[in-house]
Amino acid sequence: MTTRDVPLGTVQIGICSGHVNYPLYIRSVPTQGELKFHYTVHTSLDVVEEKISGVGKALGDQRELYLGLLYPTEDYKVYGYVTNSKVKFVIVVDSSNTSLRDNEIRSMFRKLHNSFTDVMCNPFYNPGDPIQSKAFDSIVSAMMVQAC
């Protein structure tokens, strides 16, 4: 299966933990080509690390959480966001999706970060475990439907 076989309207979200880049949550709509998306998320983490290290040296601790467009490919645009605790969020959208503007992607990351914070505040959640919250999943699903 090539990336051209994946239908238009693809939105994919990945969340990875801080220093070890272990995936806490990965979701793809549609589920076709999910293995390629795992690869895209992991390769984009290298770009995130480069941006964090470059910004950290230049500005100290005054950094923007939203990293913007990490890199465009022929088929996708990959966006990044990093929390203060070094948790990395990655959103991948179709390059053909011109309806999503930068401020809408930023808003999606804010919603994702707020929902992630709610999961972390749950006393029954063990930090570092994969996220299996139904409330978090429903928020992510609503965001993905809105983005398509």
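Residues numbered from 1 in each chain as written. Predicted model: local features only at pLDDT ≥ 70, side-chain atom pairs only at ≥ 80, totals over all residues. Heavy atoms only, no water.

S.K.: Requested: an account of the pairing of strand S2 (residues 23–29), with residues and values cited.
M.R.: In this structure, strand S1 (residues 11–16) lies alongside S2, joined through six bridges in antiparallel fashion. Across the sheet, Gln12 pairs through a bridge with Ser28, a residue of S2. Hairpin connection between S1 and S2: a loop of six residues separates the two successive antiparallel strands, and Asn21 in this loop has a positive phi of roughly 55°. (Pairing = 2+ DSSP bridges. Helix = DSSP H or I, 4+ residues; strand = E, 2+ residues; numbered from the N terminus.)

S.K.: Summarise the pattern of salt bridges; cite the residues concerned and give the values.
M.R.: Taken as a whole and judged by the stated rule, the model has two salt bridges. One salt bridge in this structure joins Arg27 and Asp137, with 3.1 Å as the shortest N-O distance. Of this pair, Arg27 sits in strand S2 while Asp137 sits in helix H3 (residues 134–147); the two residues are 110 residues apart in sequence, bridging distant segments of the chain. Arg27 gets classed as partly exposed once you look at its relative accessible area, which sits at 22%. Classification of Asp137 as partly exposed rests on a relative accessible area of 29%. Where Lys88 meets Glu49, a salt bridge forms, and the shortest distance between an N and an O atom there is 3.2 Å. Taken together, the residues span a long stretch of sequence, with Lys88 in strand S5 (residues 88–94) and Glu49 in helix H1 (residues 34–59) at a distance of 39 residues. Owing to a relative accessible area of 34%, Glu49 belongs among the partly exposed residues under this scheme. (Salt bridge = Lys/Arg side-chain N within 4 Å of Asp/Glu carboxyl O. Buried < 20%, exposed > 50% of the residue type's maximum accessible area, 1.4 Å probe, protein only.)

S.K.: Can you tell me about the environment of Asp102, naming the residues and giving the values?
M.R.: By the secondary structure assignment, Asp102 is in helix H2 (residues 102–121). Asp102 gets classed as partly exposed once you look at its relative accessible area, which sits at 38%. Filtering out sequence-adjacent residues up to four positions away, Asp102 remains in contact with Tyr66 and Tyr79. Here Tyr66 takes part through its side chain, which lies 2.5 Å from a polar atom of the side chain of Asp102. (Contact = heavy atoms within 4.5 Å. Polar contact = N/O pair within 3.5 Å; in protein donor to acceptor, adjacent residues only side chain to side chain.)

S.K.: So what's going on with the side chain of Ser115? Residues and values would help.
M.R.: Note on placement: Ser115 falls in helix H2. Among the residues examined, Ser115 registers a relative accessible area of 7% and is labelled buried. Setting aside residues no more than four positions away along its own chain, Ser115 makes contact with Phe136 and Ile139.

S.K.: Mind laying out the environment of Ser53, listing which residues take part and the relevant values?
M.R.: Relative to the assigned elements, Ser53 resides in helix H1. A distance of 3.0 Å separates a polar side-chain atom of Ser53 from the backbone oxygen of Glu50.

S.K.: Which residues make up the confidence of the model for the chain, and what values go with them?
M.R.: Model confidence for the chain is summarised by a mean pLDDT of 83, while 87% of its residues fall at 70 or above. Element-level mean pLDDT values for the chain span from 80 in H1 up to 93 in H2. Overall, residues 1–8 carries pLDDT values under 50, and its contacts beyond four positions in sequence, including any with other chains, amount to 16 contacts. (pLDDT = per-residue confidence, 0-100.)

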